[in-house]
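# Residue-level structural notes
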Amino acid sequence: NAGVTQTPKFRILKIGQSMTLQCTQDMNHNYMYWYRQDPGMGLKLIYYSVGAGITDKGEVPNGYNVSRSTTEDFPLRLELAAPSQTSVYFCASSLPGLAGYNEQFFGPGTRLTVL
Amino acid sequence: GIQVEQSPPDLILQEGANSTLRCNFSDSVNNLQWFHQNPWGQLINLFYIPSGTKQNGRLSATTVATERYSLLYISSSQTTDSGVYFCAVESGYNNNDMRFGAGTRLTVKP
């Protein structure tokens, strides 16, 4: 299994441009998540999905959109990039189980710079 | 939302030394994970430990959920242990919203 994969690894955007960060998992996990990590900080949840067709906001959703049309893919869309969105973006997935088990597994991250 | 505090923020060790990292959280949790973020930015799962004690080689972790803290022990530290260690918790009242602490930056010197 490749686990959780993310593309691209790096990207530089100009203010106002749009882009989609791709995330794919091959573990048949039904839960998927997007986080951002600002320098020197922990990760913050942007959006999550508990299954195809279902998405919900996390702690910092403003400026982002997501969709979940398949179990495997969970793309994150930035419509009008702003310097405040310069960050490292991590995708994660999990397969909740008995007794509240919900261990999350993370992709390698996408480093985004908005100039 | 739930608050997560990690201590110490920075830790410098000589190779071979032992250390204890602490994670305090403000409310009941369903899930707790410890991660190591290596110098290349990769997040590595260390432990999934909402309660109890687990060991994996030189690392072990204990979570006392009733007292709202978790400890990560690193024994006989190696230079490859350097990086940032994060504790992350999922509130018992708000599932799927995992909150991270600010991390402990560990530097192990040869």
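Residues numbered from 1 in each chain as written. Chains lettered and ligands numbered in written order. Predicted model: local features only at pLDDT ≥ 70, side-chain atom pairs only at ≥ 80, totals over all residues. Heavy atoms only, no water.

### Here's the deal with the pattern of salt bridges
Stated formally: A carboxyl oxygen of Asp or Glu within 4 Å of a side-chain nitrogen of Lys or Arg is what we treat as a salt bridge. Type-normalised accessible area, obtained with a 1.4 Å probe on protein chains alone, sets the label of each residue: buried when under 20%, exposed when over 50%, and partly exposed for intermediate values.
The full count for this structure, using the stated rule, is six salt bridges over all chains. Between D38 of chain A and R36 of chain A there is a salt bridge; the shortest N-O distance is 2.8 Å. We note a salt bridge from D97 of chain B to R99 of chain B, for which the minimum N-O separation is 3.0 Å. Across the pair, exposure class does not vary: D97 of chain B and R99 of chain B are buried alike.

### Considering unusual backbone geometry
Backbone geometry follows two general trends: most residues other than glycine have a negative phi, and most peptide bonds adopt the trans configuration. Quick reminder of the rule: Helix numbers and strand numbers start at the N terminus; a helix is a DSSP run of H or I with at least 4 residues, a strand a run of E with at least 2.
Of note, the amide linkage connecting T7 of chain A to P8 of chain A takes the cis form, showing an omega dihedral of -5°. Its location among the elements puts P8 of chain A in the loop between strand 1 (4–7) and strand 2 (10–13). Residue P8 of chain B is reached from S7 of chain B by a cis peptide bond, and omega for that bond is -10°. Turning to its location among the elements, P8 of chain B is positioned in the loop between strand 1 (4–7) and strand 2 (10–14). Located in the positive-phi region is N28 of chain A, a residue other than glycine, with phi close to 60°. Looking at where N28 of chain A falls in the secondary structure, it is placed in the loop between strand 3 (19–25) and strand 4 (31–37). The phi dihedral of R68 of chain B falls on the positive side, at around 60°, and the residue is not glycine. Take R68 of chain B: it is sitting in the loop between strand 7 (59–64) and strand 8 (69–74).

### Here we look at the state of the cysteines
All names here are of chain A. Filter applied, for reference: Note on terminology: disulfide denotes any pair of cysteine sulfur atoms within 2.5 Å.
One pass over the structure, following the stated rule, counts two disulfides over all chains. Sulfur-sulfur distance for the disulfide between C23 and C91 comes to 1.8 Å. As the torsion about the S-S bond is roughly -75°, the C23-C91 disulfide counts as left-handed. Here C23 is found in strand 3, whereas its partner C91 is found in strand 9 (residues 87–94), with 68 residues between them in sequence. Judged by its relative accessible area of 0%, C23 falls in the buried class.

### Quick notes on the sheet that holds strand 3 of chain A
Residues and elements named next belong to chain A. Keep this limit in mind: Here, a strand pair is defined by DSSP locating no fewer than two bridges between the strands. Orientation is described by lines fitted to C-alpha atoms, with helices fitted over the stretch in contact, and by angles between N-to-C directions that extend from 0 to 180 degrees.
Across the sheet, four strands lie side by side as 1-3-8-7; this open sheet has antiparallel pairing. Among the strands making up the open sheet, the edge pair consists of strand 1 and strand 7 (64–66). Shown here is a sheet whose adjacent strand axes are inclined to one another by a mean of 20°, direction ignored. Direction of pairing for strand 1 relative to strand 3: antiparallel, over a ladder of four bridges. Directly across from Q6, in strand 3, lies its bridge partner C23.

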